[in-house]
Amino acid sequence: LASARRQRAAMRMLVLRSVVVVLFTDSFTVSEPGDGTKAVKKAALTGLLDLSPEESEPEPGQESEPDSEPESEEPEPAEPEEISSDDWSDRFWKRELQRTPYFEWYKLPWAAVHHLVPSGAGPILHAGCGTSSWPRQMADAGLRDVLHIDASDVLIDELRQRDKDLNFQAMDATALDLPDGSVEIIVEKGLVDGIMLGSYADACAAVRELHRVLRPGCLLLSISMYGGPGEPGPALSEAPWMSHAFKFIEADEAALGDGADAPGGGVIAQGVHLFRKASVGDIAVA
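Reading the values: rules and limits
Residues numbered from 1 in each chain as written. Predicted model: local features only at pLDDT ≥ 70, side-chain atom pairs only at ≥ 80, totals over all residues. Heavy atoms only, no water. Core = buried A, V, L, I, M, F, W, Y, C linked by side-chain atoms within 4.5 Å. Buried < 20%, exposed > 50% of the residue type's maximum accessible area, 1.4 Å probe, protein only. Helix = DSSP H or I, 4+ residues; strand = E, 2+ residues; numbered from the N terminus. Pairing = 2+ DSSP bridges. Polar contact = N/O pair within 3.5 Å; in protein donor to acceptor, adjacent residues only side chain to side chain. Contact = heavy atoms within 4.5 Å. Expected span 1.5 Å × (residues − 1). Salt bridge = Lys/Arg side-chain N within 4 Å of Asp/Glu carboxyl O. pLDDT = per-residue confidence, 0-100. Axes fitted to C-alpha atoms, helices over the stretch in contact; angles between N-to-C directions. Arc of directions from axis to C-beta.

Right, let's get into the nonpolar core. In terms of nonpolar packing, the biggest core is built from 28 residues, with Leu125 and Ile186 touching the most fellow members. Put simply, the parts of the chain that give this core at least two residues each are strand E4 (124-127), strand E5 (146-150), strand E7 (183-189), helix H6 (191-196), helix H7 (200-213) and strand E8 (214-223). With 6 residues, H7 is the largest single contributor of residues to this core. Among the nonpolar cores identified, the runner-up in size contains 23 residues, and Trp105, Leu116, Trp134 and Ile249 belong to it.

Set out below in structure tokens:
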């Protein structure tokens, strides 16, 4: 009996010694006598033969450190999109309406120039209205037949929400969608100056368009940082006006808006250019 037990024990040792475990990338290969070779997945083999590595004991005096989660990197804030000073597109107004919902170019309220426009005049074209206070102030002064235009659909949509009773339209000043001689008075504050930041040719084209839609014998009121008495300034002189005058104006400092962050914001206009379109029989001067 003892001899039989010793033989069985020797056989088990022989089987265990004959097991060869070869570790590949993600599997073990086990060879057993008489059974050929079979592949056993690493997870299954580890569970069967308990081949998982033992945890190493910390050395005396050294405490094991708890597993720490990798620090997550904070995403860097996106840099604000750069917009050039001559970009008056929807992209500009999407940003500007958030930053500066109201802005008065040349810090000039309508009250400073209202006496130059006859009471009840119309139709009036307000070219390049922007986010100026002029549309509401003109209406409050009794001027209701006024079309306020600017090139951006985004801006015009916002202005229509602000003043639902006023007339706003998106229109390119260099190609006005208006008939010849269709308006009695045109007012513009910084429109020509703003266009000229990007293109002198476009500024001249805008002036010619303003001249085209103005009725013969009627006025363009232009507020610009250029020119003065006897000096119409660049671009504005590109149309065949019959006459030009420059009126100095005074504005109440308390009524002036703070607009130092935008073009023309730090400049207070000194006066207004008055351009009259020639009537039939008048001699126009360039």
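What follows is about the pairing of strand E10 (residues 271-276). Of all 6 residues making up E10, 5 are buried, and the element is well covered by its neighbours. Where E8 meets E10, 4 bridges bridge the pair, whose relative direction is antiparallel. Opposite Leu219, over in E10, you have Arg276 as the bridge partner.

Residue position: Lys189 is located in strand E7. Polar contacts involving the side chain of Lys189 include one to the main-chain carbonyl oxygen of Trp105, which spans 3.1 Å. If we skip the residues at most four places from it in the chain, Lys189 touches Glu104, Trp105, Tyr106, Leu108, Ala127, Ser132, Trp134 and Ile223.

For H7, built from 14 residues, the straight-helix expectation of 20 Å at 1.5 Å per residue is met to within 8% by its first-to-last C-alpha distance of 20 Å. Every buried residue of H7 is accounted for by Ala203, Cys204, Ala205, Ala206, Val207, Glu209, Leu210, His211 and Val213. In this structure, the buried residues of H7 make contact with E4, E7, H6 and E8. Two or three places before Ala201, at the opening of H7, Ser199 has a side-chain oxygen 3.4 Å from that residue's backbone nitrogen.

Here the focus is the environment of Trp105. The residue Trp105 is located in the loop between helix H3 (90-99) and E4 in this model. Judged by its relative accessible area of 14%, Trp105 falls in the buried class. As for Trp105 and Ser132, which are separated by 27 residues in sequence, their C-alpha atoms are 7.3 Å apart.

Counted by the stated rule, this structure contains 8 salt bridges. A salt bridge links Asp140 to Arg136, with the nearest nitrogen and oxygen atoms 3.6 Å apart. Taken as a pair, Asp140 and Arg136 lie in helix H4 (residues 134-140) at a separation of 4 residues, close to a single helical turn. By relative accessible area, which is 26% here, Arg136 ends up partly exposed. Ionic pairing is found between Arg136 and Asp163, a salt bridge with its closest N-O pair at 3.0 Å. Of the two residues, Arg136 is situated in helix H4 and Asp163 in the loop between helix H5 (153-162) and strand E6 (167-170); the sequence distance between them amounts to 27 residues.

Per-chain confidence: the protein chain averages 75 in pLDDT, with 59% of residues scoring 70 or above. Within the protein chain, the element-level pLDDT minimum falls on strand E1 (residues 20-23), averaging 36, and the maximum on E4, averaging 98. Between residues 253-265, whose pLDDT stays under 50, and residues either more than four places distant or in other chains, the model counts 22 contacts.

This next bit is on the sheet that holds E8. Ordered by their spatial adjacency, 7 strands build an open sheet running E6-E5-E4-E7-E8-E10-E9, and the pairing between neighbours is mixed. Of all the strands in the sheet, the pair left with one neighbour each is E6 and strand E9 (243-248). Strand-to-strand twist in this sheet, taken as the mean axis angle between neighbours without regard to direction, amounts to 20 degrees. Where E9 and E10 come together, 6 bridges link them in antiparallel fashion. Directly across from Phe248, in E10, lies its bridge partner Gly271. Of the strands in this sheet, E4, E7 and E8 touch H7, which is tilted by about 140 degrees from E8.

So, on to the environment of Leu125. Within the secondary structure, Leu125 sits in strand E4. Filtering out sequence-adjacent residues up to four positions away, Leu125 remains in contact with Leu147, Ile149, Leu176, Leu178, Val183, Ile185, Ile186, Val187, Leu210 and Val213.

Okay, H5 next. Of the positions making up H5, those classed as buried are Leu155, Ile156 and Leu159. An end-on view of H5 places all buried positions within 95 degrees of arc, on one side of the element.

Mapped onto the elements of the fold, Lys277 is located in the segment after E10. Side-chain polar atoms of Lys277 contact the backbone oxygen of His211, separated by 2.8 Å. From its side chain, Lys277 meets the backbone oxygen of Leu214 in a polar contact 2.7 Å long. Residues in contact with Lys277, not counting those within four places in the same chain, are His211, Arg212, Leu214, Arg215, Pro216, Gly217, Cys218, Trp241 and Met242.

The next subject is the pairing of E7. Of all 7 residues making up E7, 6 are buried, and the element is well covered by its neighbours. Pairing geometry for E7 and E8, over 6 bridges, is parallel. The residue of E8 that forms the bridge with Val183 is Leu214.

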